[in-house]
Every structure is written in C-alpha cells, then in structure tokens.
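# Examining the three-dimensional arrangement
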Amino acid sequence: MGHSQEYETIEWSADRKLTWADFKGRVPENDRAAAVTASGITYRFSTLYKNGELKVDFKVTTYFYPNKSWYQPHLCDTFILGHEQLHFDISELYAQKMRDRLAKSSFTENVKEEVKLIYREILEELEVYQDLYDQQTNFSRDSVQQSLWNNKIKDALRH
C-alpha cells in the first residue's frame, strides 16, 4: 500500500471532471450520506528581495483526495455526481480568492505568518460556504437550487 496511495491527489482543472471511479475511499459504517468529496487547498511560496523590496511568488492549488472521498453506488446517480463536483469547484473558487488576496497584500519579513493567516481565513470562509451550499440544495435533492448554484459557481470561476 505505502504512502503514495494515501496521498493520491487530483488537481482541479476546468477540463477534468470527477467520475465515480475517483471516489476510492471506504464508506463509513452506517453513514447516511450518499457521497462525500474530500478536497482542499494547498499553497507554497518563495521570497526574494529585488531592489530592496520583498517579492513573494505564490502557488495555490486545489486538490481532490480520492482515498478520502467515497460514495454509495445504490444511492448515487449523475445528478449527485454533479453536486459533488461543485463541492470541488467551490474549493477552487476559494483558491482563486486566496490568489487574489495574496496578490493584493503587501508582506513584511513576517511573510510566513501573514500568509498563514490569509490561508486560515480562506479555509474558514470556504467551510461556511460549503455548508451553505449543502443546506440550500438540500444535499442536491433540490434540483432547482442545484441548477442555480451550478450557474453561480461557473460564472464566479470565469472571473
């Protein structure tokens, strides 16, 4: 098994949509959810001084974690897959927000802590937004709300 499988990741891409085959985790016993998407945002950065000014170069990436994501085939259909895909898209939307926020910030030599603070804020906002999405769509059962959210997130990701 080794560690490589544990940390298998799929990087978010506009062209690569999730399939049920990507959901490789074991279903927890007695879990009522049809499916769970584990996704997250990671970042790294490097710094250099240019003409006495601190320059920071960022890379912010959104990942899907196959081994922490699971589904119950008898409860799932393509509509639910679309709901799960949007959870992943919402993570990317917040990665985009983080990139914007970082681009607009100025940093001191305390850059590591300053970036960590922005990251923490983004993760909190993301969690609240993911919960709102599940609530408003009733975990995909409300097809009208699901369509509205699909369009809303697609538009937001274009900007």
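Since the model is a prediction, treat every value here as computed from it, not as a measurement.

### Comments concerning the side chain of Asp134
Within the fold, Asp134 resides in helix α3 (residues 111-137). The side chain of Asp134 sits in the buried core without any salt bridge; Arg141 is the nearest counter-charge, 8.7 Å away. Polar contacts involving the side chain of Asp134 include one to the side chain of His87, which spans 2.9 Å.

### Some remarks on the nonpolar core
Ranked by size, the top nonpolar core spans 33 residues in total, and within it Ile41, Ile90, Tyr94, Met98 and Ile153 carry the most contacts. For this core, the secondary-structure elements that each account for two or more residues are β4 (53-64), α2 (78-104), α3 and α4 (143-158). Once residues lying within four places of it in the same chain are set aside, the contact partners of Ile90 are Leu126, Tyr129, Gln130, Tyr133, Trp149 and Ile153.

### Observations regarding the side chain of Thr137
On the secondary structure map, Thr137 appears in helix α3. Polar contacts involving the side chain of Thr137 include one to the main-chain carbonyl oxygen of Tyr133, which spans 2.8 Å.

### So, the pairing of β4
As paired strands, strand β1 (residues 10-11) and β4 are joined by two bridges and run antiparallel to one another. Residue pairing for β4: Glu11 is matched across the bridge by Tyr63. Alignment of strand β3 (residues 39-50) against β4, held across twelve bridges, turns out to be antiparallel. Its bridge partner lying in β4, Gly40 is registered against Tyr63.

### Digging into the packing of α2 against α4
Close contact between α2 and α4 brings their axes to 10 Å; oriented N to C, the two are set at 35°. As α2 packs across α4, the resulting crossing turns out to be left-handed. Residues Phe79, Gly82, His83, Leu86, Asp89, Ile90, Glu92, Leu93 and Gln96 of α2 lie in contact with α4, whose contacting residues are Ser143, Gln146, Trp149, Asn150, Ile153, Ala156 and Leu157. The residue inventory of the contact of α2 with α4, partitioned by class, reads eight nonpolar, six polar and two charged.

### So, the packing of aromatic side chains
All told, the structure shown has 13 aromatic pairs when counted by the stated rule. Seen from their ring centres, Phe45 and Phe58 are 5.8 Å apart, and the 45° between their planes marks the pair as tilted. Here the residue Phe45 occupies a position in strand β3, and Phe58 occupies one in strand β4, the gap between them amounting to 13 residues. Phe45 gets classed as partly exposed once you look at its relative accessible area, which sits at 27%. Aromatic side chains Tyr129 and Trp149 sit 5.1 Å apart centroid to centroid with 55° between the ring planes, which places their arrangement in the tilted category. Placement of the pair is Tyr129 in helix α3 and Trp149 in helix α4, with a sequence separation of 20 residues. Accessibility assignment for this pair places Tyr129 and Trp149 in one class, buried. Grouping aromatic residues by their ring pairs yields a cluster made of Trp20, Phe23, Phe64, Tyr71 and Phe88. Positioned over the ring face of Tyr65 is Lys68, at 5.5 Å from the centre of the ring. If you follow Lys97 out to its NZ or CZ, it ends over the ring of Tyr94, 5.3 Å from the centre.

Definitions and cut-offs
- Residues numbered from 1 in each chain as written.
- Predicted model: local features only at pLDDT ≥ 70, side-chain atom pairs only at ≥ 80, totals over all residues.
- Heavy atoms only, no water.
- Helix = DSSP H or I, 4+ residues; strand = E, 2+ residues; numbered from the N terminus.
- Buried < 20%, exposed > 50% of the residue type's maximum accessible area, 1.4 Å probe, protein only.
- Lys, Arg positive; Asp, Glu negative; His and termini not counted.
- Salt bridge = Lys/Arg side-chain N within 4 Å of Asp/Glu carboxyl O.
- Polar contact = N/O pair within 3.5 Å; in protein donor to acceptor, adjacent residues only side chain to side chain.
- Core = buried A, V, L, I, M, F, W, Y, C linked by side-chain atoms within 4.5 Å.
- Contact = heavy atoms within 4.5 Å.
- Pairing = 2+ DSSP bridges.
- Axes fitted to C-alpha atoms, helices over the stretch in contact; angles between N-to-C directions.
- Left-handed = near helix turned anticlockwise from the far one by under 90°.
- Nonpolar A, V, L, I, M, F, W, Y, C, P; charged D, E, K, R; others polar.
- Phe/Tyr/Trp six-rings, centres within 6.5 Å; stacked < 30°, edge-to-face > 60°.
- Lys NZ or Arg CZ within 6 Å of the ring centre and 35° of its normal.

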